[in-house]
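Results of the structural survey
Each chain, written out:
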Amino acid sequence: MMTDFDFGKDTAEVFDDMLDRSVPFYAEIQRMIGELAGDFAVPGTNLYDLGCSTGTTFIGLDPVVPAEVAFIGVDSSPDMLKKARKKLQENSISHTYELICLSLDDGVPILNASVVILNLTLQFVRPLNRDRVISSIAHGLNDGGCLILVEKVLSQDSTINRLFIKHYYEFKKRNGYSELEISQKREALENVLIPYHLEENRELLLRNGFKSCDVFFRWYNFCGMLALK
């Protein structure tokens, strides 16, 4: 029997490889996140990565964000955070950082933030809690701060949606995943990863404290959005 996907020890061990093979243009998305974070990060403030997993984003941000910005990573998986600590130490990042084990469904304590990152994270938060999560992020962001949101998204048209998903699975096959592996992953994620339409994410941001937002990345059913406080 197929069990629901989780972010435990087995996933943590293969997570970085899985992202590279499962997320189109993952390295480019990380580079763009670094560029945008560099535009908004203010010395003396905090930069949050919610769902920081193994700490890859912080390693990329280290050389491009002012040194006086503190990194705060939040993740619900102790195994992911254990791997993140190891990677951050091995890469000798120069910023001060704190890693917190917390589920976003339980609330998000954001303080004095100039940048908040949700990179393929919000889709794992229960829809019932998403307004509260986005509202608390906006509340904890300083004026002029930003939220960088990357998500899988649905299309309004069912034909377009099917085509985008088909081409995404073809991408995974090109990266070495078998039909069985793709099918098993889809089944495991079915009740865990719940994507919104692009328009739903836009409305979610605008009704919960953000003044504007726009798309900075799009590849079939993957979308990056920048929202301004």
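Cut-offs applied
- Residues numbered from 1 in each chain as written.
- Predicted model: local features only at pLDDT ≥ 70, side-chain atom pairs only at ≥ 80, totals over all residues.
- Heavy atoms only, no water.
- Helix = DSSP H or I, 4+ residues; strand = E, 2+ residues; numbered from the N terminus.
- Buried < 20%, exposed > 50% of the residue type's maximum accessible area, 1.4 Å probe, protein only.
- Arc of directions from axis to C-beta.
- Contact = heavy atoms within 4.5 Å.
- Salt bridge = Lys/Arg side-chain N within 4 Å of Asp/Glu carboxyl O.
- Phe/Tyr/Trp six-rings, centres within 6.5 Å; stacked < 30°, edge-to-face > 60°.
- Lys NZ or Arg CZ within 6 Å of the ring centre and 35° of its normal.

Once that is clear, we can look at unusual backbone geometry. A negative phi angle is the norm for most residues apart from glycine, just as the trans form is the norm for most peptide bonds. Of note in the backbone geometry, Ser53 takes a positive phi value of approximately 45° without being a glycine. Position of Ser53 among the secondary structure elements: in the loop between strand E1 (46-50) and helix H3 (56-61).

Of the positions making up helix H7 (residues 179-189), those classed as buried are Ile182, Ala188 and Leu189. The arc enclosing the buried residues of H7, seen along the axis, measures out at 130°, which places them on a common side. Exposed residues pointing more than 90 degrees away from the buried face of H7 are listed as Glu179 and Leu180. The inward-facing, buried residues of H7 contact helix H6 (158-174).

All right, on to the pattern of salt bridges then. In the structure shown here, the tally under the stated rule is six salt bridges. Between Glu35 and Arg31 there is a salt bridge whose closest N-O contact spans 2.6 Å. Taken as a pair, Glu35 and Arg31 lie in helix H2 (residues 26-40) at a separation of four residues, close to a single helical turn. Under the relative-accessibility criterion, Glu35 is labelled partly exposed at 44%. Note on Arg31: relative accessible area 41%, which makes it partly exposed. Here Asp131 ties to Arg207 by a salt bridge, and the two come within 2.7 Å at their closest N and O atoms. Taken together, the residues Asp131 in helix H5 (residues 127-140) and Arg207 in the loop between helix H8 (198-206) and strand E7 (212-219) connect sequence positions 76 residues apart. One network of salt bridges, with partners in common, ties together Glu28, Arg31 and Glu35.

With that out of the way, let us pick up the packing of aromatic side chains. If you walk through the whole model with that rule in mind, you get nine aromatic pairs. Here the aromatic rings of Phe58 and Phe71 are separated by 4.8 Å at their centres, their planes lie at 10°, and the arrangement is stacked. Here Phe71 lies in strand E2 (residues 70-75) and Phe58 lies in helix H3, a separation of 13 residues in the sequence. Neither residue differs from the other here; Phe58 and Phe71 are each classed as buried. Each ring, one from Tyr168 and one from Phe171, has its centre 6.2 Å from the other, and the planes form 20°; the classification is stacked. Of the two residues, Tyr168 and Phe171 are both situated in helix H6; the distance of three residues between them amounts to about one turn of the helix. The class for Tyr168 is buried, based on a relative accessible area of 4%. Between the NZ or CZ atom of Arg21 and the centre of the ring of Tyr177, over which it lies, the distance is 4.1 Å. Against the face of Tyr177 rests Lys172, its NZ or CZ located 5.1 Å from the ring centre.

Structural measurements only, silent on function.
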